[in-house]
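# Summary of the model geometry
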Amino acid sequence: MEKVLFFCCCLAALGTTALLLLWSLPLSPFTHPGITANEAVIIFFPVMLMRWLALAAALILIVIAWGRRLNMAMRWIVGLSIVVLALHFVLGVINTGVMNAWMSIDHTKTRATNAVYAAIYFGLPTLLLLLTAPLMLSAARFLR
């Protein structure tokens, strides 16, 4: 059941990332010069929140699976979960800051800086997914 929930969380994170990418296509660097962001971009935040919550649920499932595999006491699993969620929160704040820098209206930004911001914005959660999937697969293989 944990594996199914984990992969549902991964699919939700990938789906919301794809939706955010689709919504971002009219912006620079995907189109040049691209439209300027306005207050309608606020819709990105709830979808981004759903993506980071799905990633958080996936991380908690990994911590639980590895805690069982290593025969850790429950207090250590809870402590490790808090540490992982704190690091995850920091990554989410960084991602929000990068999104703010990318969407901000600044006339000195170039297409290259927008490309860097967009790569970080979409790459950070995707990298997190790519790192968590092998961890879950290796933990699940030993839990059978």
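For the structure itself, look to the data block above.
Only a predicted model underlies this, so the values are computations on that prediction, with no experimental measurement involved.

Non-glycine residue N71 carries a positive phi angle of around 55°. Locating N71 in the fold gives a position in the loop between α2 (44-69) and α3 (74-103).

Turning next to the packing of α2 against α3. Between α2 and α3, the shortest axis-to-axis distance is 10 Å and the interhelical angle comes to 155°. As summarised for this structure, α2 and α3 are arranged roughly antiparallel, according to the angle between their axes. For α2 against α3, the interelement crossing comes out right-handed. Its residues assigned to classes, the contact of α2 with α3 shows 17 nonpolar, six polar and two charged.

As a further point, take the nonpolar core. Ranked by size, the top nonpolar core spans 34 residues in total, and within it F6, L20, F44, M99, M103 and Y121 carry the most contacts. Looking at this core, the elements with two or more residues in it are α1 (2-24), α2, α3 and α4 (111-142). Sorting elements by how many residues they give to this core places α2 first, with twelve residues. The contacts of L20, once residues within four sequence positions are left out, are F44, V47, M48, R51, Y121 and F122.

Inspection of the secondary structure assignment puts A139 in helix α4. Sequence separation of A139 and D106 is 33 residues, and the distance between their C-alpha atoms is 46 Å. With sequence-adjacent residues up to four places away left out, A139 is seen in contact with A65, W66 and R69.

The next subject is the environment of A57. Looking at where A57 falls in the secondary structure, it is placed in helix α2. Among the residues examined, A57 registers a relative accessible area of 29% and is labelled partly exposed. Between the alpha carbons of A57 and F6 there is a distance of 7.5 Å; along the sequence they are 51 residues apart.

Relative orientation of the contacting elements α1 and α2 amounts to 155°, with a least axis distance of 9 Å. Classified by the interaxial angle, the pair formed by α1 and α2 is roughly antiparallel. Of the two possible hands of crossing, α1 and α2 adopt the one that is left-handed. Classifying every residue of the contact of α1 with α2 by side-chain character gives 19 nonpolar, three polar and three charged.

Thresholds applied
- Residues numbered from 1 in each chain as written.
- Predicted model: local features only at pLDDT ≥ 70, side-chain atom pairs only at ≥ 80, totals over all residues.
- Heavy atoms only, no water.
- Helix = DSSP H or I, 4+ residues; strand = E, 2+ residues; numbered from the N terminus.
- Axes fitted to C-alpha atoms, helices over the stretch in contact; angles between N-to-C directions.
- Parallel < 35°, antiparallel > 145°, perpendicular 65-115°, else oblique.
- Left-handed = near helix turned anticlockwise from the far one by under 90°.
- Nonpolar A, V, L, I, M, F, W, Y, C, P; charged D, E, K, R; others polar.
- Core = buried A, V, L, I, M, F, W, Y, C linked by side-chain atoms within 4.5 Å.
- Buried < 20%, exposed > 50% of the residue type's maximum accessible area, 1.4 Å probe, protein only.
- Contact = heavy atoms within 4.5 Å.

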